[in-house]
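A closer look at the structure
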Amino acid sequence: MTPLQRYIAEEIAADHADGILTRREALRRLGLLGLGGTTAAALLAACANSDNGSSERAPSPSSPTPPPGAASALPATPVTFTGAGGTSLQAAWAPAPQPRGGVLVVHENKGLTDHIRSVAGRFAGAGYSALAIDLLSARGGTAAFTDPAAATAELGRIPPEQLVADLRAGLDELQRRVEGKKLGATGFCFGGGLTWLLLASGPSPLAAATPFYGPFPDNGDLSASKAAVLGVYAASDARVNASRPAAEAALARSGNPNQIFTAPDAEHAFFNDTGQRYDATAATEAWRRVLDWYGTYLG
């Protein structure tokens, strides 16, 4: 099992432990990842018996106010562009009228969803043209999967090298669309981990990045990156927070501007207003900090 597959499997187990997934559904999803019944059951039991720092039940995503940035969000439209080796990549494109910079949005393990499209639109409304790439493009795109769990499992099977190559192609396309502007990258959960992986993959056009509660890659080295990084974490997310010290050490060694924000009392995926762990207070503060960060390092 690759590190990305392990991360997805642990997330499924955590969702079961928090009551978001039934045992039957969790076992089905783990089976799609290739885990046998005995191994899957052991993982669920281990997660249920561990103190993962989460509350028994996540807050409801319903809120009387729109999520941060939604009130000024601009439309995101489907686009395609050419990736490495001539492959066709799908994305959602949200242009700002007078862009201050460009932001590559990296989706969660569910693929390019309406929520991620909305985040691209929110960035555009804040003055940053945004491109949300579909990392399932080579498999027909997220829309080709009628079962969201199958889309998640397929993402886990894509080699990390291909994912990084697609992200780099996304940066190239974004640079073409906002020529002369600085670029940032924001990813969530699985996408947060990929944002860290992109930063650790060698020199890139990134001037800034804001990964949200993503696992830091094993032996990740940020020395070739020039990006100013704001790492966003949730206080009640022990699973991802376990790799935070490695991220902090790598950031310190890089010598680049960096900051860590940990949302108090918040859980993993607190920014996703369509999920059961959404925390409006934490999401609003994180969004403010992200825009401040990009205002400083993108323009």
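Residues numbered from 1 in each chain as written. Predicted model: local features only at pLDDT ≥ 70, side-chain atom pairs only at ≥ 80, totals over all residues. Heavy atoms only, no water.

A short note on the pairing of strand β2 (residues 88-94)
Rule in force here: Classification of residues uses two cut-offs on accessible area relative to the type maximum, computed with a 1.4 Å probe and protein chains only: under 20% is buried, over 50% is exposed, and between them is partly exposed. A run of H or I in DSSP becomes a helix once it reaches four residues, and a run of E becomes a strand once it reaches two; helices and strands are each numbered from the N terminus. At least two DSSP bridges between two strands are needed for those strands to be called paired.
Here β2 lies mainly inside the structure; five of its seven residues are buried. Linking two consecutive strands that pair antiparallel, namely strand β1 (residues 77-82) and β2, is a turn of five residues; a positive phi of about 70° is found at G85 within it. As defined by bridge partners, β2 adjoins strand β4 (residues 128-133) across four bridges and the pair is classed as antiparallel. Bridging from a neighbouring strand, A91 pairs with I133 of β4.

Let's talk about the state of the cysteines
Our working definition: Cysteine sulfur atoms are paired as a disulfide whenever they come within 2.5 Å of each other.
Taken as a whole and assessed by the stated rule, the structure comprises zero disulfides. Unpaired in terms of disulfides, C47 finds its nearest cysteine sulfur in C189, a separation of 15 Å. Accessibility expressed as a relative area gives 12% for C47, which makes it buried. The exposure class of C189 is buried, given its relative accessible area of 3%.

Side note on the confidence of the model for the protein
Spelled out, the test is: One confidence number per residue, pLDDT, is output by the predictor and ranges from 0 to 100. What makes two residues a contact is simply this: any of their non-hydrogen atoms within 4.5 Å.
Residues of the protein with pLDDT of at least 70 account for 95%, and the chain-wide mean is 93. Across residues 52-61, where pLDDT falls below 50, the model places 33 contacts with residues more than four positions away in sequence or in other chains.

A look at empty space enclosed by the protein
Note the following rule: The distinction between a cavity and a pocket rests on a 1 Å grid over the protein atoms alone: a 1.4 Å probe fits inside a cavity but cannot get out, while a pocket stays open yet meets protein on both sides within 12 Å along at least five of seven lines, and a residue with an atom within 4 Å of a point counts as lining. Grid points are joined across faces, edges and corners, and a volume is the space filled by probe spheres set on the points. Residues are grouped as follows: nonpolar covers Ala, Val, Leu, Ile, Met, Phe, Trp, Tyr, Cys and Pro; charged covers Asp, Glu, Lys and Arg; every other residue, Gly included, is treated as polar.
Applying the stated criterion to the full structure yields one cavity of 30 Å³ or more. Taken as a whole, the largest cavity encloses approximately 30 Å³ of empty space. Every residue lining the largest cavity is listed: L199, L222, S225, A227, V229, L251, S254 and N256. Its residues assigned to classes, the lining of the largest cavity comprises five nonpolar, three polar and no charged.

As for the packing of helix α2 (residues 23-32) against helix α5 (residues 148-157)
Spelled out, the test is: Interaxial angles span 0 to 180 degrees and are taken between N-to-C directions of axes, which are lines fitted to C-alpha atoms, for helices over the stretch in contact. Whether a crossing is left-handed or right-handed is set by the direction in which the near helix is turned from the far one by less than a right angle, anticlockwise for left-handed and clockwise for right-handed.
Packing of α2 against α5 brings their axes to within 9 Å, and their N-to-C directions diverge by 35°. α2 and α5 meet at a crossing whose hand is right-handed. Side by side, α2 and α5 meet where R28, R29 and L32 of the first sit next to A149, A150, A153 and R157 of the second. Residues of the contact of α2 with α5, tallied by class, amount to four nonpolar, no polar and three charged.

Here we look at the pattern of salt bridges
Operational definition: By convention in these notes, a salt bridge is any Lys or Arg side-chain nitrogen within 4 Å of a carboxyl oxygen on Asp or Glu.
Scanning the model with the defined rule gives 16 salt bridges in all. Between E285 and R288 there is a salt bridge, with the nearest N and O atoms lying 2.6 Å from each other. Placement of both E285 and R288 in helix α10 (residues 280-297) is noted, with a separation of three residues, approximately one turn of the helix. One salt-bridge network, held together by shared partners, links D15, D18, E267 and R277.

As for the packing of aromatic side chains
Keep this limit in mind: Working definition: a ring pair exists when centres of Phe, Tyr or Trp rings (six-membered ring for Trp) sit within 6.5 Å. Plane angles under 30 degrees give stacked, over 60 give edge-to-face, the rest tilted.
This model, assessed by the stated rule, comprises 12 aromatic pairs. Ring centres of F123 and W287 lie 4.9 Å apart, and the angle between their planes is 50°; on these two criteria the pair is classed as tilted. Residue F123 is located in helix α4 (residues 114-125), and its partner W287 is located in helix α10; the two are separated by 164 residues in the primary sequence. Neither F123 nor W287 differs from the other in exposure class; each is buried. A ring pair is formed by F123 and Y294, whose centres lie 6.0 Å apart and whose planes are at 55°; its orientation type is tilted. Of the two residues, F123 is situated in helix α4 and Y294 in helix α10; the sequence distance between them amounts to 171 residues. Here F123 falls in the buried class, since its relative accessible area comes to 0%. Judged by relative accessible area, which is 0%, Y294 ranks as buried.

Observations concerning the packing of helix α6 (residues 160-177) against helix α7 (residues 190-199)
Rules: Roughly parallel covers angles under 35 degrees, roughly antiparallel covers those over 145, roughly perpendicular covers 65 to 115, and oblique covers all other angles.
At their nearest, the axes of α6 and α7 sit 10 Å apart, and the two run at 80° to each other. By the angle between their axes, α6 is roughly perpendicular relative to α7. In contact with P160, L163, V164, L167, R168 and L171 of α6, α7 contributes F190, L194, L197 and L198. A class-by-class count of the residues in the contact of α6 with α7 yields nine nonpolar, no polar and one charged.

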